[in-house]
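If you want the building blocks of each chain, they are given just below.
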Amino acid sequence: MTAIARRWDGLADRNPLVQFIDACLRGPAQVVFQNNPLTGVVILIAVAWGAFDSGQPRIFGGGVLGLVVGTATALALQVDRASWRKGLFGFSPFLTGIAVPTFLDQRPLMWLYLVLGAAGTTVVTLALNAVFKRWGLTAFTFPFVLTTWVLLLAAYQFDRFTVLTQLTPKFPGEGTLTGGHFNWDLVPIFLRGISQVFLINSWVSGLLIIIALLINSRWSAVFAIVGAVGATLLALWFGADGTSLDKGLFGFNAVLTAIAVGAVLHRPGLLVTGYTLFGIALTLFIQMAMASVLTPLGIPVLTGPFNVATWLLLLPDRHFAPVPNHERVKETVVSSVRRSV
Amino acid sequence: MTAIARRWDGLADRNPLVQFIDACLRGPAQVVFQNNPLTGVVILIAVAWGAFDSGQPRIFGGGVLGLVVGTATALALQVDRASWRKGLFGFSPFLTGIAVPTFLDQRPLMWLYLVLGAAGTTVVTLALNAVFKRWGLTAFTFPFVLTTWVLLLAAYQFDRFTVLTQLTPKFPGEGTLTGGHFNWDLVPIFLRGISQVFLINSWVSGLLIIIALLINSRWSAVFAIVGAVGATLLALWFGADGTSLDKGLFGFNAVLTAIAVGAVLHRPGLLVTGYTLFGIALTLFIQMAMASVLTPLGIPVLTGPFNVATWLLLLPDRHFAPVPNHERVKETVVSSVRRSV
Amino acid sequence: MTAIARRWDGLADRNPLVQFIDACLRGPAQVVFQNNPLTGVVILIAVAWGAFDSGQPRIFGGGVLGLVVGTATALALQVDRASWRKGLFGFSPFLTGIAVPTFLDQRPLMWLYLVLGAAGTTVVTLALNAVFKRWGLTAFTFPFVLTTWVLLLAAYQFDRFTVLTQLTPKFPGEGTLTGGHFNWDLVPIFLRGISQVFLINSWVSGLLIIIALLINSRWSAVFAIVGAVGATLLALWFGADGTSLDKGLFGFNAVLTAIAVGAVLHRPGLLVTGYTLFGIALTLFIQMAMASVLTPLGIPVLTGPFNVATWLLLLPDRHFAPVPNHERVKETVVSSVRRSV
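Cut-offs used in this document
- Every chain is numbered independently, its residues counted from 1 as its sequence is written.
- Starting at A for chains and at 1 for ligands, labels are handed out in the order in which the entities are written.
- Only residues with pLDDT of 70 or above have their local features reported here, since the model is predicted, and side-chain atom pairs are shown and tallied only from 80 upward, although totals for entire chains, interfaces and linings are computed over all residues.
- By convention in this description, side-chain values take in all heavy atoms of the structure and omit both hydrogens and water.
- UniProt positions are given in the numbering used here, feature names are shortened, and annotations may be inferred rather than shown by experiment.
- Runs of E in the DSSP output that reach at least two residues are strands. Runs of H or I that reach at least four are helices, and both are numbered from the N terminus.
- Relative accessibility thresholds used throughout: buried, under 20% of the residue-type maximum; exposed, over 50%; partly exposed, between the two (1.4 Å probe, protein chains only).
- For accessible areas, the Shrake-Rupley method is used with a probe of radius 1.4 Å. Any residue's cover is judged against the shown protein chains and nothing else.
- We call two residues in contact whenever any of their non-hydrogen atoms come within 4.5 Å of each other.
- As a working definition, buried area equals the accessible area (1.4 Å probe) given up by two parts on being put together, with both sides summed.
- The term salt bridge refers to a side-chain nitrogen of Lys or Arg lying within 4 Å of a carboxyl oxygen of Asp or Glu.
- Residues below a pLDDT of 70 in either copy are left out; the C-alpha atoms of the rest, at least 70 in both, set the least-squares superposition of the copies.
- Axis definition: a line fitted to C-alpha atoms, limited for helices to the stretch in contact. Angles are taken between N-to-C directions and run from 0 to 180 degrees.
- Convention used here: angles under 35 degrees read as roughly parallel, angles over 145 as roughly antiparallel, angles from 65 to 115 as roughly perpendicular, and any remaining angle as oblique.
- Each helix crossing is assigned a hand: it is left-handed if the near helix lies turned anticlockwise from the far helix by less than a right angle, otherwise right-handed if that turn is clockwise.
- Note that Gly is not counted as nonpolar here; it falls among the polar residues with everything else outside the nonpolar set of Ala, Val, Leu, Ile, Met, Phe, Trp, Tyr, Cys and Pro and the charged set of Asp, Glu, Lys and Arg.
- To qualify as a nonpolar core, a set must consist of buried Ala, Val, Leu, Ile, Met, Phe, Trp, Tyr and Cys residues joined through side-chain atoms within 4.5 Å.
- Only protein atoms enter the calculation, which uses a 1 Å grid: trapped sets of points that fit a 1.4 Å probe without letting it out are cavities, open sets showing protein on both sides within 12 Å along at least five of seven lines are pockets, and any residue with an atom within 4 Å of a point is a lining residue.
- Grid points are joined across faces, edges and corners, and a volume is the space filled by probe spheres set on the points.
- Classification of ring pairs uses Phe, Tyr and Trp, with its six-membered ring standing for Trp, and accepts pairs whose centres are within 6.5 Å; under 30 degrees between planes counts as stacked, over 60 as edge-to-face, and the remaining range as tilted.
- Expected helix span is computed as 1.5 Å times (number of residues minus one).
- Throughout this description, a polar contact denotes any pair of N or O atoms lying within 3.5 Å of each other; where both atoms belong to protein, one of them has to be capable of donating a hydrogen while the other can accept it, and for residues adjacent in sequence the pair is counted only when both atoms sit in side chains.
- Residues forming no salt bridge and having over 30% relative accessible area are the ones grouped into patches, like charges within 9 Å of each other and nonpolar side chains (Val, Leu, Ile, Met, Phe, Trp, Tyr) within 5 Å.

- Taking an unreviewed UniProt entry as the reference, chain A is identified by name as Urea transporter belonging to Micromonospora gifhornensis.
- According to its UniProt record, chain A has this under Sequence similarities (unreviewed entry): "Belongs to the urea transporter family."
- In its Subcellular location (unreviewed entry) section, the UniProt record describing chain A reads: "Cell membrane".

1. Points about the overall build of chain A
Right, on to step 1. In terms of regular secondary structure, chain A is built from 15 helices and zero strands.
Right, on to step 2. A total of 341 residues make up chain A; the buried ones form 64% of that total.
Right, on to step 3. For chain A, the exposed surface amounts to about 12400 Å²; the carbon and sulfur share of it is 66%.

2. Description of the interface of chain B and chain A
Often the size quoted for an interface is simply the accessible area lost on bringing the parts together.
Right, on to step 1. At the interface, 31 residues of chain B touch 30 residues of chain A.
Right, on to step 2. When residues of chain B are sorted by the area they lose upon contact with chain A, Val123(B), Gln157(B) and Phe158(B) head the list and together hold 21% of the total.
Right, on to step 3. Taken together, chain B and chain A are joined by zero salt bridges.
Right, on to step 4. For the side of chain B that touches chain A, the secondary-structure elements that each account for two or more residues are helix H7 (108-132) and helix H8 (142-155) of chain B.
Right, on to step 5. A total of 12 residues in the side of chain B that touches chain A trace back to one element, the largest contributor, which is H7(B).

3. Topic: the relation of the copies chain B and chain A
Right, on to step 1. Expressed as a screw operation, the relation of chain B to chain A combines 0.0 Å of axial shift with a rotation of 120 degrees, fitting to an RMSD of 0.0 Å. These values place the two chain copies in the arrangement generated by a three-fold rotation axis. When each C-alpha of chain B is compared by its distance to the rotation axis, Pro296(B) comes out closest, at 4.3 Å.
Right, on to step 2. A share of only 13% of the interface residues of chain B reappears at the interface of chain A, consistent with the copies meeting through non-equivalent patches.

4. Let's talk about the packing of helix H9 (residues 187-195) of chain B against helix H10 (residues 203-216) of chain B
Residue and element names in this part refer to chain B.
Right, on to step 1. Running from N to C, H9 and H10 point in directions that differ by 65 degrees, and their axes come no closer than 7 Å. The pairing of H9 with H10 is recorded here as roughly perpendicular in orientation. Pair H9 / H10 crosses with left-handed handedness. Contact residues: H9 offers Pro188, Leu191, Arg192, Ile194 and Ser195, while H10 offers Trp203, Ser205, Gly206, Leu207, Ile209 and Ile210.
Right, on to step 2. Residues belonging to the contact of H9 with H10 are distributed by class as follows: seven nonpolar, three polar and one charged.

5. Side note on the pattern of salt bridges
Right, on to step 1. Per the stated rule, a full pass over the model turns up 15 salt bridges over all chains.
Right, on to step 2. Put simply, Arg192(A) and Asp246(A) hold a salt bridge, and the shortest N to O gap is 3.7 Å. Of this pair, Arg192(A) sits in helix H9 (residues 187-195) while Asp246(A) sits in helix H12 (residues 242-246), and the two are 54 residues apart along the sequence.
Right, on to step 3. Given a relative accessible area of 14%, Arg192(A) falls into the buried group.
Right, on to step 4. On the accessibility criterion, Asp246(A) (37% relative accessible area) is partly exposed.
Right, on to step 5. Between Arg26(C) and Asp9(C) there is a salt bridge, with its nearest N and O atoms 3.7 Å apart. In this pair, Arg26(C) sits in helix H2 (residues 16-31) while Asp9(C) sits in helix H1 (residues 2-14), placing the two residues 17 residues apart along the sequence. For the residue pair Arg26(C) and Asp9(C), the accessibility class agrees, reading buried in each case.
Right, on to step 6. Via salt bridges that share partners, Asp9(A), Asp22(A) and Arg26(A) belong to a single interconnected network.

6. Observations concerning the nonpolar core
Right, on to step 1. Counting 357 residues, the largest nonpolar core has Phe198(A), Phe198(B) and Phe198(C) as its most contacted members.
Right, on to step 2. With residues near it in sequence (within four places) discarded, Phe198(A) still touches Pro28(A), Val31(A), Val32(A), Ile43(A), Val47(A), Phe94(A), Leu95(A), Ile98(A) and Ile209(A).

7. A word on empty space enclosed by the protein
Residues and elements named next belong to chain B.
Right, on to step 1. Tallied over the entire structure, the rule returns two cavities of 30 Å³ or more.
Right, on to step 2. There is about 30 Å³ of room inside the second largest cavity.
Right, on to step 3. Every residue along the wall of the second largest cavity is listed here: Leu88, Phe89, Gly90, Phe91, Ser92, Pro93, Thr121, Thr122 and Thr125.

8. Observations concerning the packing of aromatic side chains
Right, on to step 1. Counting across every chain of the model gives 63 aromatic pairs over all chains.
Right, on to step 2. With a centroid separation of 5.2 Å and 55 degrees between ring planes, the pair formed by Phe238(A) and Phe158(B) is classed as tilted. Of the two residues, Phe238(A) is situated in helix H11 (residues 218-238) and Phe158(B) in the loop between H8 and H9; the pairing between them involves two chains.

9. Examining helix H3 (residues 37-53) of chain B
Residue and element names in this part refer to chain B.
Right, on to step 1. Relative to the 24 Å expected for 17 residues at 1.5 Å per residue, H3 spans 24 Å between its end C-alpha atoms, a close match to the ideal helical length.
Right, on to step 2. Three or more residues of H3 are buried, namely Pro37, Thr39, Gly40, Val42, Ile43, Leu44, Ala46, Val47, Ala48, Gly50 and Ala51.
Right, on to step 3. Turning to H3, the residues buried within the fold contact helix H1 (2-14), helix H2 (16-31), helix H4 (57-76), helix H6 (91-103) and H10.
Right, on to step 4. Sitting at the amino-terminal end of H3 is Asn36, which places a side-chain oxygen 2.8 Å from the backbone nitrogen of Leu38.
Right, on to step 5. Count one or two residues on from H3 and you reach Gly55, which has phi positive near 75 degrees.

10. Looking at the environment of Ser205(A)
All names here are of chain A.
Right, on to step 1. One can find Ser205 in helix H10 (residues 203-216).
Right, on to step 2. Judged by relative accessible area, Ser205 falls into the buried class, the value being 1%.
Right, on to step 3. When the C-alpha atoms of Ser205 and Leu44 are compared, they prove to be 9.7 Å apart, with 161 residues separating the residues in sequence.
Right, on to step 4. Residues contacting Ser205, with those up to four places away along its chain left out, are Ala46, Trp49, Gly50, Ser195 and Ile200.
Right, on to step 5. Polar contacts involving the side chain of Ser205 include one to the main-chain carbonyl oxygen of Ala46, which spans 2.8 Å.

11. Regarding the packing of helix H11 (residues 218-238) of chain C against helix H13 (residues 252-264) of chain C
Residue and element names in this part refer to chain C.
Right, on to step 1. Closest axis-to-axis distance for the H11/H13 pair is 7 Å, and the angle between their directions is 140 degrees. Taken together, the axes of H11 and H13 are oblique relative to one another. Crossing handedness for the pair H11 and H13: right-handed. Contacts between H11 and H13 pair Trp219, Ser220, Phe223, Ala224, Gly227, Ala228 and Ala231 from the former with Ala254, Val255, Ala258, Ile259, Gly262, Ala263 and Val264 from the latter.

12. Let's talk about a nonpolar patch on the surface
Right, on to step 1. Where nonpolar side chains cluster on the molecular surface, the patch consists of Leu38(A), Val41(A) and Ile45(A) and spans about 210 Å² of accessible area.
Right, on to step 2. Locating Val41(A) in the fold gives a position in helix H3 (residues 37-53).

13. Digging into the side chain of Asp105(C)
Residues and elements named next belong to chain C.
Right, on to step 1. You can see Asp105 is positioned in the loop between helix H6 (91-103) and helix H7 (108-132).
Right, on to step 2. Separated by 3.0 Å, the side chains of Asp105 and Arg107 make a polar contact.
Right, on to step 3. Only 3.2 Å separates the side chain of Asp105 from the backbone nitrogen of Thr162, close enough to count as a polar contact.
Right, on to step 4. Those residues in contact with Asp105, other than ones at most four positions away along the chain, are Arg58, Met110, Phe161, Thr162 and Leu164.

14. Structural notes on the interface of chain C and chain A
Right, on to step 1. Taken together, the contact pairs 30 residues of chain C with 31 residues of chain A.
Right, on to step 2. When the area that chain C buries against chain A is broken down by residue, the three leading residues are Trp135(C), Phe171(C) and Phe238(C), summing to 24%.
Right, on to step 3. Counting across the interface, chain C meets chain A through zero salt bridges.
Right, on to step 4. Our count for the contact surface shared by chain C and chain A stands at eight residue pairs in polar contact (both at pLDDT 80 or more).
Right, on to step 5. For the side of chain C that touches chain A, the secondary structure elements donating two or more residues are H11, helix H14 (270-294) and helix H15 (304-314) of chain C.
Right, on to step 6. For the side of chain C that touches chain A, the leading source of residues is H14(C), giving 10 residues.
Right, on to step 7. Classifying every residue of the side of chain C that touches chain A gives 21 nonpolar, six polar and three charged.

Structure representation (structure tokens):
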């Protein structure tokens, strides 16, 4: 395994095509803050499983197309090469590529829209990172969120698109909440909470994503599970909508916050774990509030709540022995193989 | 009086418990930009009066709990000690603590929500101040506004909460405005405009708050009254909703803008007074616009309009002989006693 | 012609009144990024034609009043004199002055509202430029957009105003789109797309504005046409609302993006033209999305989409041989006469 990985890295250094493929494969992994092409491969399998299992293979095709277009656009715009090779220009267009065929109906024009959206996601990534670096932050997945919101909201104004979000625009508080009822069959819900990071509703995919995390970082896998479990139980306790709960929709934003705050951007420890648990609650409340704000527009929150919560948690100057992004990957499974981000 | 104050200051320097109480007491005073524990005590009495008078003592309890939790959270996060001692981490959680029992129904879970909200307000204070310091600004009461909006909007999504804002989500322009009709009994309305800074609807509380201001700064008291009178008369002239007008709801944002721009952040004078009068109109128009934006969501503007208007008024580089915050407190009543902010 | 222009410049240097008039005349020209009083005069004629032609001369009066009030307010606030002389404090209040009588009903109070709004636009210009300069950007026409949104949204809350936007607040996706149907009579639509930059629905005005651009910069005229044609055809293809299409409402934002990105802020060339074409599509999609966001509030997008799209396009560090604003005016018709911005 180590030998294969070393050989792949060597190939990527020399062969431009392999280098491009390597950068693309790191994209899906960077959604969950990992810089590892093998993690990316397993995540692609997880997304493919979810897409084919739900009878919508075009969702997988859209993700791959978005990933390639976004990564290629970044190359054409001559972005910072080191960041590009880490997959940092692939992860948001990958998600945009999954979202467009998930939320718009199938037709040729949708694919053009997807390609323009993926290229746009790369431009927005460059723009928002230029904004956020003033505070030592990055835009995370917000370029995907913003671009997809724009694409969905614009689709309302075009006769040739139909928005399939299953969210009819209405006033917040209208309609009846089914309420959370305790359910001992929670494990699949937790796993779906993890797969929903990639807009996939499948516990098998969730399991595959945990394996993908384990390949690169044990702590990331642990905190992904903590995030899914914590946010889902909190939503259950407060009486959130049962149908959404069952799909894992209250887990995925907290999964990302927990990995970022608990495992990747700080050295894991007791104080950091306490702050992360608070961050999970913060993410859930921000998600619920954002859902209310978007109710009259009929669009989903996507990973917006994770972005907002994590910015809020990172902005204060704290004393948690912060470490540069991914420095601690040294302690993880394949640390001898992969250079960290 | 001076002797007692000096002894209290000495005690606060030595005794950690007295220091904590002192920091807490300065919180309510910092809502109106005063750094004086006695001002804080009188404001607490004003809020208690309003809460008990309206038969809702839990509003006062919520305010005190929010104040203590927010101040303690800041201590745990090891914030800048000098700012902490001035009450700058108490004023927003104090308002969050008042808002939650005002707008959500009474139940045990509401109190947990309030505690999480107060702690969250402190994190948001740290985050937003880190953002705003790039332009030499502070976040004022916006952490309270943002956190309370999130708590109210999230409550729509939870079966176990009922939102009591008396604002049904609807489209702006729907429903009939009762219109402003001139009323010679305006003085209580002006006073309620001042008490609404603390979400209290009571002219007695308004009077107590003016006394609290007078203890620390005559000019602040004068501009508080100018703000309430100016904005209320302007709203009356333009034909704003009579019911809201009567409750003082068109006064409180302008009260804060007028104190900040007219008395605290600039040296009072003719040009500054002209700019402040313009700022009062700006605050009212922004408040009305923000009310329209929030109409479909059914949540109140809180002190959002004051924050936005004051940022806009402070951002331009002007030539009004700006002075550091509170420097001019030297000219006020107890200036020999209290160190300024 | 050159001699007259040189004499006018000399007069403006010596005579304060002529200098004020000169600064005012450059305001309308700066909406389309030109620093030339003659361009401003022709644009004023175009706006006058549109206003009188539609039987609403008060729209022209409002524009002139806004221009004078905004420019005078900037003088009173002692802004940077060089920027002031270039008309950079006149263009947003000019647009605010056109928008208020377009969207509010005729009555004396409307004129006071317009004057306060024009003065407010200048304060907001100063504030937003202070914010945006951190990223090397300016606020473009966003002060006009923000101020006009506030004035229209606030008008809903005042009994004495009636909002005439012809946009009833509703949910996005409600109502039927008429759909785009191909129409060989597209030239007047393209021209109206240019006149709508100034909220005017007239192909004659559009033609006059092209002439105004030609006076100062051939490339600006070319890219204005490219923007109008590109965005309109794209909207037609995707099936946007036919009524709005016919009024040129899908053209004007792209016109501004195309002039800014293609002709003024970069040296025109092949790569820049490609980026500009992408920018035109981006502007249209952002416009459609913004229209959906504003549907429940019943207010128009104004030139908001151009601002957002152009910020996004300028924020990334690119390698298009960027030139300082208007440096390339040297190549234009009157370059020997006018100093560039």
